[in-house]
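Understanding the architecture of this molecule
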Amino acid sequence: MYFKRIDMHGFKSFAEPVSIEFNHGITCIVGPNGSGKSNISDALRWVLGEQSPKTLRGGKMEDVIFAGTANRKSRGMAEVVLVIDNSTGILPIDYSEVAITRRVFRSGESEYYINNNQCRLKDIRELIMDTGIGVDGYSLIGQGKIADIVSNKPESRREIFEEAAGIVKYRSKKAEAERKLEATNVNLERVNDIVSEIE
Ligand code: ATP
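Residues numbered from 1 in each chain as written. Predicted model: local features only at pLDDT ≥ 70, side-chain atom pairs only at ≥ 80, totals over all residues.

1. Here we look at the pairing of strand β3 (residues 77–85)
As paired strands, strand β1 (residues 2–9) and β3 are joined by seven bridges and run antiparallel to one another. Each residue of the ladder has a partner; that of I6, found in β3, is L82. (Pairing = 2+ DSSP bridges. Helix = DSSP H or I, 4+ residues; strand = E, 2+ residues; numbered from the N terminus.)

Written out as structure tokens, the structure reads:
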């Protein structure tokens, strides 16, 4: 599994559509200060489900939409598409190439797609869980992250190993099952109350 391409349109400084192909090996992005290098890694984080505007160096989520310049109108929508090679089948989906799309509109509305089928953020999270590429994964290392990891609490460090070991999805499924069990118990108690009132 590897990232093949990222397409950005209306995202931060990328007013016009920009497509970057990642070839095998190392891709280095160089450019003058303020030319948009970090905006590319922000786009990667964002399309993979980042929900914190602060992590994306903004105040609110709409700040990722191109804000306009002296001679260019602002945009109403930001879109990022990340194309991932899945020929090894690490992503649990029957496609050798997977395109994850995220859009946000000025109204605050968001849309997510997996291979052009609209889905929920949860579906994207589940798709990439345990692969290390999620926003909390160990593959995206931002500035200061290494220092964070070293000085982190042991529990937080453990989360990194759990993601690498591939057990995060089971932990998440267990938490979901526990929530459902709890809701069912509450319903059962209400039914028992009604039954004893009738009897
Ligand atoms: P450095 O080398 O200094 O870290 P960089 O190449 O990483 O810089 P970025 O931080 O990616 O640059 O890009 C900053 C530029 O992106 C700024 O010029 C800023 O005005 C622009 N920018 C950020 N958000 C938006 C937005 N929503 N609309 C338009 N431009 C934006």
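Back to the write-up after that little detour.
2. Section: the sheet that holds strand β6 (residues 117–119)
The pairing of strands in a sheet happens through backbone hydrogen bonds and is either parallel or antiparallel. Read across the sheet, six strands follow the order β2-β1-β3-β4-β5-β6 without closing on themselves; strand pairing throughout is antiparallel. Of all the strands in the sheet, just β2 (18–21) and β6 have a single pairing partner and so form its edges. Averaged over all adjacent pairs, the angle separating strand axes in this sheet is 20°, with direction ignored. (Axes fitted to C-alpha atoms, helices over the stretch in contact; angles between N-to-C directions.)

3. Concerning the nonpolar core
In this structure, F11, A43, V47, V64, V80 and L82 are the most contacted members of the largest nonpolar core, which totals 26 residues. Take this core: its biggest share by element is five residues, from β3. When residues no more than four places from it in sequence are discounted, the contact partners of F11 are A43, V64, F66, A78, E79 and V80. (Core = buried A, V, L, I, M, F, W, Y, C linked by C-beta atoms within 7 Å. Buried ≥ 20, exposed ≤ 12 C-beta atoms within 10 Å, placed from the backbone. Contact = placed C-beta atoms within 7 Å.)

4. Brief notes about the UniProt feature "binding site: ATP" (unreviewed entry) in the chain
Here the UniProt-annotated "binding site: ATP" (unreviewed entry) positions come out as P32, N33, G34, S35, G36, K37, S38 and N39. Within the element layout of this structure, G36 appears in the loop between β2 and α1 (37–47). With 17 C-beta atoms packed within 10 Å, G36 lands in the partly exposed category. Secondary-structure assignment places N39 in helix α1. Other than its neighbours up to four places away in sequence, N39 contacts K12, S13 and F14. (UniProt positions renumbered as here; feature names shortened; annotations may be inferred.)

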